[in-house]
2 protein chains.
Amino acid sequence: MTSVDVARKAGVSQSAVSRYFTPGASVSKKMAEKIKVAADELGYRPNVLARAMITGKSRIIGLVVYYLENQFYPEAVEKLSIALQENGYHVLLFMASNTIGNVEPVVQTILDYRVDGIVLMSVSMSSTLADRCRDLNIPVMLFNRDQPREDMRAVISDNVAGGRIAAQMLLEGKPLRVAHLAGFEGASTQQEREEGFRAGLAEAGVPLYARAVGNYHYKEAAEATRELFNVPQPPDALFVSDDHMAFAALDVIRHELGLKVPQDVAVVGFDDVTQASWPSFNLSTVRQRLNTMVSACVDELIGAIENDDHPVRKVRIEPVAIHRGTTRP
Amino acid sequence: MTSVDVARKAGVSQSAVSRYFTPGASVSKKMAEKIKVAADELGYRPNVLARAMITGKSRIIGLVVYYLENQFYPEAVEKLSIALQENGYHVLLFMASNTIGNVEPVVQTILDYRVDGIVLMSVSMSSTLADRCRDLNIPVMLFNRDQPREDMRAVISDNVAGGRIAAQMLLEGKPLRVAHLAGFEGASTQQEREEGFRAGLAEAGVPLYARAVGNYHYKEAAEATRELFNVPQPPDALFVSDDHMAFAALDVIRHELGLKVPQDVAVVGFDDVTQASWPSFNLSTVRQRLNTMVSACVDELIGAIENDDHPVRKVRIEPVAIHRGTTRP
DNA sequence: CAGATTCTTGCATACGATTGCAAAATAACC
DNA sequence: GGTTATTTTGCAATCGTATGCAAGAATCTG
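Residues numbered from 1 in each chain as written. Chains lettered and ligands numbered in written order. Predicted model: local features only at pLDDT ≥ 70, side-chain atom pairs only at ≥ 80, totals over all residues. Heavy atoms only, no water.

As annotated in an unreviewed UniProt entry, chain A carries the name Ribose operon repressor and comes from Tropicibacter naphthalenivorans.

Okay, here's the thing in structure tokens:
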């Protein structure tokens, strides 16, 4: 079923059919009616790919995500995808987990599909690739990650402020030994959260007692937690760089070490994923305002796509303290 | 950068460039070398969309998923996406959660993109739409859901067998009052799991003591659990139709009602998502062999795409009992 | 009602590739 | 080396739609 078939059936030109399906094009009521009837009868719908060839706009957004195990990502993907759908765009999904550390070929493939824009979720991009996208005039958004380049759009939480909030939440419980469980140290989120956390502690004159790295993975975080607590004087307060690792930490603390939370040790996470509020975890955490982040991401991205001189900026969202059962008031 | 540019630069015809990028086409070494040099220099890569128009193959798979809150789906999406990537296909993602109960327009939109195939993840399809896809010769795979139609491909666990397994796992603990927490009753998975579960109980001469519906949602499942246990003689064994709801049930049982699992009540879930093995839940469950399901899905789908007379069949995978800490041996 | 203005409509071309066909070039064989 | 068989290569048509342009129809104006 092509526009030519519809045109023949309706007794009009192919251009007329095309115009009927192009919002804003000029078609008389008479024609419109004839075309509508013919199109419905034949079950015709315009071929998006052919349209993309002419207009140079595919209405496809390439989304690269590292993995979906951490619940933060499915939530973000779902909301982002819905928001884009509502704007007439659709998501071509790329998992980067199997090509570890090498987003290069993935992004190449994305470009082959002539996407209108790219969202990198907690993934970063080499400078040459960023240049390439700029040359091709394809906007790239970093979501929940930042890069030094000034000409790179990004939507992130104010992670430094978030780290400070975490420090305050723990300090309210008058801790004696404060520890930090870090995520992947190459990530801007980790660097900034730790910076804010350390600053918050320093202002209160409290030293950082211990530190271990969980690389944003459950298993590594569990191992790091054992390392932190397998000492004569274990910490009594712990800031974990995301909820996903915090669950690992809680599992070890409660079920392996038999410690009481928050009496023996207080824990604060980051993200506020859905499960953080489940009674099994009841995790105090620093919320990333995901809905706000997603709208900002969509606004900036679509703005950049549809408007060539849309300014390049980094959107920074304020995080929020969420007090639950793993901190002492 | 088009193939014409490359051709001009390399001093060959445009067809030659096209052939160079078409695996299996005949190009002499001499030409190949010239084209390679020119293409690399210009950074040329074939336009997938233009290719799709000619060949009628977009190498895009439309994936419809209802929601991503239940961890089973992110895991499935991730694995499926990776497996398709490895076969040179890519996933166009559609969330059906905002268009509740109405997949119609979503699938229409998918068809507009001229996808090569469609995967419906725990979503079903009206008969007219199925007809439409058949007429367009676009294979559709149901993943983790079945429909009565014989001409509809599906990859599912043997849910009846799974229900039986759940019954056995609970019966080993010699329960007195066995209850069932059901998912969405319109879903084939629910119907079959319950059928198998009831059959398993019946064979042992054990009656079903109580039943409530959680619709595969956490909150509704929590509410349904309260309903089940807010009686003088609460159940001492519970089969929940998926892990996601089982987490809700466990949260209520342990943290609201203060009951001991498995001493006061044994619980069995279904799926074996990652978190089921976390100490906080330590959930005994019936595993769906996701890797097997995904490979089967990919094999059947790609088979159907690349081979017109690929037989239509329903692949049924055997589930596996996973004994953990929520059942009595 | 004639003339000026605005809307509609069809023609023809373009987007960036693939592919059947026939001519040219190469390989194979005696 | 001549003849035949096989590859390579370029030409030209094609996929399904959008859109600039000019001509025709409709509307407006005094």
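Draft legend 1. Up close: the relation of the copies chain B and chain A. Relative to chain A, chain B is turned by 180 degrees and slid 0.0 Å along the rotation axis, the superposed coordinates differing by an RMSD of 0.1 Å. These values place the two chain copies in the arrangement generated by a two-fold rotation axis. Among all C-alpha atoms of chain B, that of B:Leu92 lies closest to the rotation axis, at 2.2 Å. A shared binding surface is used by both copies, with 100% of the interface residues of chain B retained as interface residues in chain A. (Least-squares fit on C-alpha atoms with pLDDT ≥ 70 in both. Contact = heavy atoms within 4.5 Å.)

Draft legend 2. Geometry of the UniProt feature "domain: HTH lacI-type" (unreviewed entry) in chain A. The positions that UniProt labels "domain: HTH lacI-type" (unreviewed entry) are, in the present scheme, residues 1–55 of chain A. Split by type, residues 1–55 of chain A is 67% helix and 0% strand. Its first and last C-alpha atoms lie 21 Å apart. (UniProt positions renumbered as here; feature names shortened; annotations may be inferred. Helix = DSSP H or I, 4+ residues; strand = E, 2+ residues; numbered from the N terminus.)

Draft legend 3. Molecular detail of the side chain of B:Thr285. All names here are of chain B. Positionally, threonine 285 belongs in strand 10 (residues 284–287). Take threonine 285: its relative accessible area is 0%, and that puts it in the buried class. Looking at threonine 285, its side chain comes within polar contact range of the side chain of aspartate 243, at 2.7 Å. In terms of polar contacts, threonine 285 uses its side chain to reach the backbone carbonyl oxygen of glycine 269, at 3.2 Å. If near-sequence neighbours (up to four positions away) are discounted, threonine 285 is found in contact with Met169, Asp243, Val268, Gly269, Phe270, Asp271, Asp272, Val320, Ala321, Ile322 and Arg324. (Buried < 20%, exposed > 50% of the residue type's maximum accessible area, 1.4 Å probe, protein only. Polar contact = N/O pair within 3.5 Å; in protein donor to acceptor, adjacent residues only side chain to side chain.)

Draft legend 4. View of the protein's contact with DNA strand D. Around DNA strand D lies a shell of 25 residues, among which A:Ser3, A:Ser18, A:Arg51, B:Arg19 and B:Ser28 are the nearest. In DNA strand D, atoms within 4 Å of the protein come 58% from sugar and phosphate. A:Ser18 places a polar side-chain atom, nitrogen or oxygen, 2.5 Å from a phosphate oxygen of DNA strand D. Within the side chain of B:Ser13, one N or O atom sits 2.9 Å away from a phosphate oxygen of DNA strand D. Looking at the surface near DNA strand D, the elements that each hand over two or more residues are helix 2 (14–20) and helix 4 (48–55) of chain A together with helix 2 (14–20) and helix 4 (48–55) of chain B. In terms of residue class, the surface near DNA strand D is made up of 10 nonpolar, 11 polar and four charged. (Near = heavy atom within 4 Å. Nonpolar A, V, L, I, M, F, W, Y, C, P; charged D, E, K, R; others polar.)

Draft legend 5. Seen up close, the protein's contact with DNA strand C. Taken together, 26 residues surround DNA strand C, and among them A:Ser28, B:Ser3, B:Gln14, B:Ser18 and B:Arg51 come closest. Counting only atoms of DNA strand C within 4 Å of the protein, the sugar-phosphate share comes to 54%. Within the contact set of DNA strand C, a base oxygen lies 3.0 Å away from a side-chain nitrogen or oxygen of B:Arg19. A distance of 2.7 Å separates a phosphate oxygen of DNA strand C from a polar side-chain atom of B:Arg51. When grouped by side-chain class, the residues that make up the surface near DNA strand C number 10 nonpolar, 12 polar and four charged.

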